[in-house]
Structure formats: C-alpha cells, structure tokens
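Chain and residue survey
So you can see what is in the structure, the chains are spelled out below.
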Amino acid sequence: MKKEMETTTVPAIAIPEMDKTEVKKTRGIYRTKGKAGDTDEIPGYLPVITDKNYRYALTVHKNDTAYMQLLSPGNELNYKNDILYLNGKSVNYGELNKMSTEDGIEKINFVLLLELYGVILCKFLKNDNKSECMDEEFTVYYPGLASRFRKPKKKNETPGIKASDDNTDSDDGDKNNRQRQEDADILNRNMAFFQRMAGIINIDTAQVILPVITDYKYDLCSNTIRFRSPYMARLLTEIFKANIKKDKNGRPVIKKNGQPDMLPSHSFLVDKSIAKERNKKAVEIVLILVVLIEEAGNTCPHIKAKTIIDRTCLLKHSLEGQNTSNKNLMLKRAFSKALELLAKKTSIKHTYKGIQLPDPAVVPVSSMLDMVFSFPHGNKKRNNA
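All values reported here derive from a predicted model rather than from experimental measurement. Every residue gets a number counted from 1 within its own chain, in the order that chain's sequence is written. In keeping with the predicted nature of the model, local features appear solely for residues at pLDDT of at least 70, side-chain atom pairs appear and are counted solely at 80 or more, and the whole-chain, interface and lining totals rest on all residues. Computation of side-chain values covers all heavy atoms of the structure but excludes hydrogens and water.

**Remarks on the sheet that holds strand E8 (residues 206-211)**
Under the convention used in this document: In short, DSSP must find at least two bridges between two strands for them to pair. Only DSSP runs of H or I reaching four residues or more are called helices, and only runs of E reaching two or more are called strands; each is numbered from the N terminus. Here the axes come from fitting lines to C-alpha atoms, over the contacting stretch only for helices, and the angles between their N-to-C directions go from 0 to 180 degrees. Contact definition: two residues touch when any of their heavy atoms are within 4.5 Å.
Spatial ordering of the open sheet is given by E2-E7-E8, a layout of 3 strands whose pairing is antiparallel. Either end of the sheet is taken by a strand with one partner, and the two such strands are strand E2 (66-70) and E8. Averaged over all adjacent pairs, the angle separating strand axes in this sheet is 25°, with direction ignored. Judged from the 5 bridges that link them, E2 and strand E7 (residues 197-203) form a sheet pairing that is antiparallel. Bridge pairing links Gln 69 to Ala 198 in E7. The sheet strands contacting helix H6 (residues 230-242) are E2, E7 and E8, and the helix crosses E7 at an angle near 25°.

This is how it looks when you write it as structure tokens:
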C-alpha cells in the first residue's frame, strides 16, 4: 500500500553564500558521504530499457505502451492520495494532452532522468519481493549525483605555475562554493522540467497518468536530495510483470529461491561517465544503438539512419525546420560523436566477441538517410549473457 504524502511546492536548492573563512571551515561537510546518513545507491552504469514495448517509456516519444509528456510553463502538477492534479484539479488524459508542449524538449536532460531511474532500479533489484516497485521517497547523496553531470576540470594550461600558499585555500574555497552553486543551478533547472512532466502508461484498457518527479527537496544538513517518482516506480512494476518467464501452459516459471525467472529487460553496458557528455543528441543515439545490439542477441544488428532519427527525441526535434546545410552539420556532430562514445563509453566491445563498429568518419547526410549501420559480431560472451 502506498503511503499518503502531502505534496508541497519545494523551493530550489540554494547553496548559501559563505565568506572565505567559512568555506574553508565547512568545506569538509560537502565531501563526506558518511555524514549524509542512509542514502540510496547511485549505480555505476546508466540503465537502458531493452524491452521493445517499453523502450520509449523514458522519452517523449508517443507510443501505445508508455511515454512522458512535457507540460507548458505555468502548469503545476501535484500528486496526493494517488490522484494527479493539474493546476489544482484532478486531470484526465484529454485535459493533460491539451496542456502538453514540444517547446523546451531540447532542454530536457534525459540522461539525468536515467540516472534517477537507475537509483530506483538498483534498489528494486536488491529487493527480494519484485511483485511491485514501491512508490517511496529516495535519498541521494548530492555531490555523488552532481559529479555525474559536472563539467570536467580543465588542466592548468601553464605548467609549473602554482598559486601562492597565502591564496590557495581561499581560492579553492571560492571555486568549490561556485562549483556547488553551479551544480545546484543545473540540477534545479532539470528537476523543474521533470516536475512539469507526466508519464502515461497504457495497461490493458486502462490509462494510468502519474507525475515523473514529485516531492523534490534538498537537505542542507545531510547534503542530500530527496524525491519520489510514482511514474518510474509503476513503470518498473509493469516492465517486470511483462518479463516474467512463462512455461508452455502460460504459468510463471519460479526459481529455487521462490522468485520468478525473468527475461532480460534492461541493459547495463553504458558507463555512468557518459552523463558528463555535452552532446546529448549523440548520447541519445548511443542508447538507441545499445538497445538495438542487445535486442538482436546473436544475430547481426543493423539499422537505417532514418530509423535511428525517428527513435530520437532531441535530434529529431532539433532537425525540424532546419535548412539542408544545418541538418547535415547536426547529423555529422550527432552520429560521429555517438559512434565514438559507443566504443569508449560502453562495454559493447568487451561483451560481444569481435564486434565491428562503424567508422565515426562515415556519417549520414540529409539526402542519404537510407544509409545502414551494421554491427556484425561473433555472439555475446557467456559471462555477460
């Protein structure tokens, strides 16, 4: 049974300004996870849904099973007693659809959303009872999450030059304080988008509409963020129900530990470091290609450039209304970087024997979208099966 929870509008994370002395004295509390108390694990991978019926569930790509909608600014979603309210009134799909918008889709950080989904999935996988993913509050150590999307530190461009001893601590304190505020601003902007999103799940003849993120707040004392996701919790429940192995009579196959035997529904081959990549359109393509390869199993995966674009949200949206020159430039940047990241930021090459990845220099242009990408390999290694 889900707990009844009051939903309130939570102010954005605000890292208080501190003078240099205060920064130096308190800097340690932002680095020590031990003082955060009990927190939920942030996995070292970026989970990717491979179930073909739910592959678009964490995108705004409309389909018959599950997807998300972004509401136009000024609309407020609240969730109380298992009822979704839009601007103070309970809402149905028709009313929600009228308020949805494509404006701002390019600003949605789908990778960060996958990070939060990973937190929920990681806890769910450790639970002995997988009949239902509980809609509960999750607590994440803030610096651990912020480090995922933080820009890499630039190396000193002038080797051999060091700051003076008198200024090192204070300068570092200022930088750390600015970095924390920058991280908070990034997180706030993304969470604001997520709180304007509703998830739609079609179950048989019923349509379930749930908030993607709710009850988001920051705890300064423990340096943690807390959130709930009724949509992602229900989504996980439905995905695992759909992937229980059945015998020839349609009955669930039960393992020796009493739990149902499961078909694969997720891939864990994408490294967490991909979240730092600024080219989100390229990352989007990487996720699509990983799903393609995992779904194909021991057969040779192949896909047209046009099909990849149709499955994207960010790239497809950005190409609309562009002239040929701009389209070709966008395609080059997205596909070239994606093929680089597929090799460097996933374990595809270690998982599939002798897999041949396409050349990042060979990318489609707007007049050649029938171009086919193939990924021949010598089957999946046993220890990763």
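**Section: the packing of aromatic side chains**
The criterion, for reference: Pairing of aromatic rings covers Phe, Tyr and Trp, the last through its six-membered ring, and needs centres within 6.5 Å; plane angles under 30 degrees mean stacked, over 60 mean edge-to-face, and all others mean tilted. Relative accessibility decides the category of a residue: with a 1.4 Å probe and only protein chains considered, values under 20% of the type maximum give buried, values over 50% give exposed, and everything between is partly exposed.
What the rule picks out here adds up to 5 aromatic pairs. Where Tyr 142 meets Tyr 218, the ring centres are 5.6 Å apart and the plane angle is 70°; that geometry is what we call edge-to-face. With a gap of 76 residues between them, Tyr 142 in helix H4 (residues 142-149) and Tyr 218 in strand E9 (residues 214-219) connect regions that are remote in the sequence. Taken individually, Tyr 142 and Tyr 218 each receive the classification buried, so the pair is uniform in this respect. Geometrically, the ring pair formed by Phe 335 and Phe 373 is stacked, given 5.6 Å between the ring centres and 5° between the ring planes. Of the two residues, Phe 335 is situated in helix H10 (residues 324-344) and Phe 373 in strand E13 (residues 372-374); the sequence distance between them amounts to 38 residues. Comparing Phe 335 with Phe 373 shows no difference in burial state: the two are buried.

**Some points on the sheet that holds strand E5 (residues 89-90)**
Two orientations exist for strands paired in a sheet by backbone hydrogen bonds: parallel and antiparallel. As summarised here, the arrangement of the 3 strands in space is E3-E4-E5, forming an open sheet in which the pairing is antiparallel. Unpaired on one side and paired on the other, strand E3 (77-80) and E5 mark the two borders of the sheet. Pairing of strand E4 (residues 83-86) with E5, which is carried by 2 bridges, proceeds in the antiparallel orientation. Of the residues in E5, the one forming a bridge with Tyr 85 is Ser 90.

**Thoughts on the pairing of E7**
Among the 7 residues that make up E7, 6 are buried, leaving the element largely enclosed by the rest of the structure. Where E7 and E8 come together, 6 bridges link them in antiparallel fashion. Bridge pairing in E8 places Ala 198 opposite Pro 211. Where E7 folds back on E8, the antiparallel hairpin that results is connected by 2 residues, among which Asp 204 adopts a positive phi of roughly 55°.

**Topic: the environment of Arg 333**
Tracing the sequence through the fold places Arg 333 in helix H10. Its relative accessible area of 55% is what places Arg 333 among the exposed residues. On a C-alpha basis, the gap between Arg 333 and Asn 279 in space is 8.3 Å, while along the polypeptide they are 54 residues apart.

**Notes on the environment of Ile 200**
Mapped onto the elements, Ile 200 comes out in strand E7. On the basis of relative accessible area, Ile 200 is assigned to the buried category, the value being 0%. Sequence-wise, Ile 200 and Leu 235 are 35 residues apart; in three dimensions their C-alpha atoms are separated by 9.4 Å. In this structure Ile 200 touches Thr 65, Ala 66, Tyr 67, Gln 69, Tyr 93, Leu 96, Gln 207, Val 208, Ile 209 and Tyr 231, once residues within four positions along its chain are discounted.

**Concerning the packing of helix H3 (residues 110-126) against H4**
Geometrically, a packed helix pair is captured by the angle between its two axes and the distance between the axes. Quick note on the threshold: Note on convention: near helix rotated counterclockwise from far helix by under a right angle means a left-handed crossing. Clockwise means right-handed. Side-chain classes are defined by residue name, with Ala, Val, Leu, Ile, Met, Phe, Trp, Tyr, Cys and Pro counting as nonpolar, Asp, Glu, Lys and Arg as charged, and the others, Gly among them, as polar.
Between H3 and H4, whose axes approach to 11 Å, the crossing angle comes to 145°. Both H3 and H4 take part in a crossing whose hand is right-handed. Contacts from Leu 112, Glu 115 and Leu 116 of H3 reach H4 at Leu 145, Arg 148 and Phe 149. Of the residues that constitute the contact of H3 with H4, the class distribution is 4 nonpolar, no polar and 2 charged.

**Comments concerning the nonpolar core**
Grouped burial of nonpolar side chains is what soluble globular proteins tend to show. Stated formally: Here, the term nonpolar core denotes a set of buried Ala, Val, Leu, Ile, Met, Phe, Trp, Tyr and Cys residues that are joined through side-chain atoms within 4.5 Å.
Grouped together as the largest cluster of nonpolar side chains are 101 residues, with contacts concentrated most on Leu 58, Tyr 117, Tyr 231 and Leu 235. For this core, the element with the highest residue contribution is H3, accounting for 11 residues. Not counting residues up to four positions away in its chain, the partners in contact with Leu 58 are Ile 49, Met 68, Phe 110, Leu 113, Leu 114, Tyr 117, Tyr 231, Met 232 and Leu 235.

**Details of the confidence of the model for the protein**
Short version of the rule: Each residue gets a pLDDT score, which is the predictor's confidence in that residue and runs from 0 to 100.
Mean pLDDT over the protein stands at 85; residues scoring 70 or higher make up 84%. Across residues 1-31, confidence stays below pLDDT 50; counting only partners more than four residues off in sequence or on other chains, it has 60 contacts. Contacts for the low-pLDDT stretch residues 155-169, under 50 throughout, to residues beyond four places or in other chains number 4 contacts.

**Points about the pattern of salt bridges**
Here is the rule we go by: Each reported salt bridge corresponds to a side-chain nitrogen of Lys or Arg within 4 Å of a carboxyl oxygen of Asp or Glu.
Using the criterion set out here, one finds 15 salt bridges in the structure. Taking the shortest distance from any N to any O, the salt bridge between Glu 41 and Lys 126 comes out at 2.4 Å. With Glu 41 in the loop between helix H1 (20-26) and strand E1 (45-49) and Lys 126 in helix H3, the pair connects residues that are 85 residues apart, well separated along the chain. Looking at Glu 41, the relative accessible area reads 41%, which means it is partly exposed. Its salt-bridge partner being Lys 245, residue Asp 261 comes within 3.5 Å of it at the nearest N-O pair. Of the two residues, Asp 261 sits in the loop between H6 and strand E11 (266-271) while Lys 245 sits in the loop between H6 and E11, which places them 16 residues apart along the sequence. Relative accessible area serves as the criterion here: at 31%, Lys 245 is assigned to the partly exposed category. One network of salt bridges, with partners in common, ties together Asp 40, Lys 123 and Glu 136.

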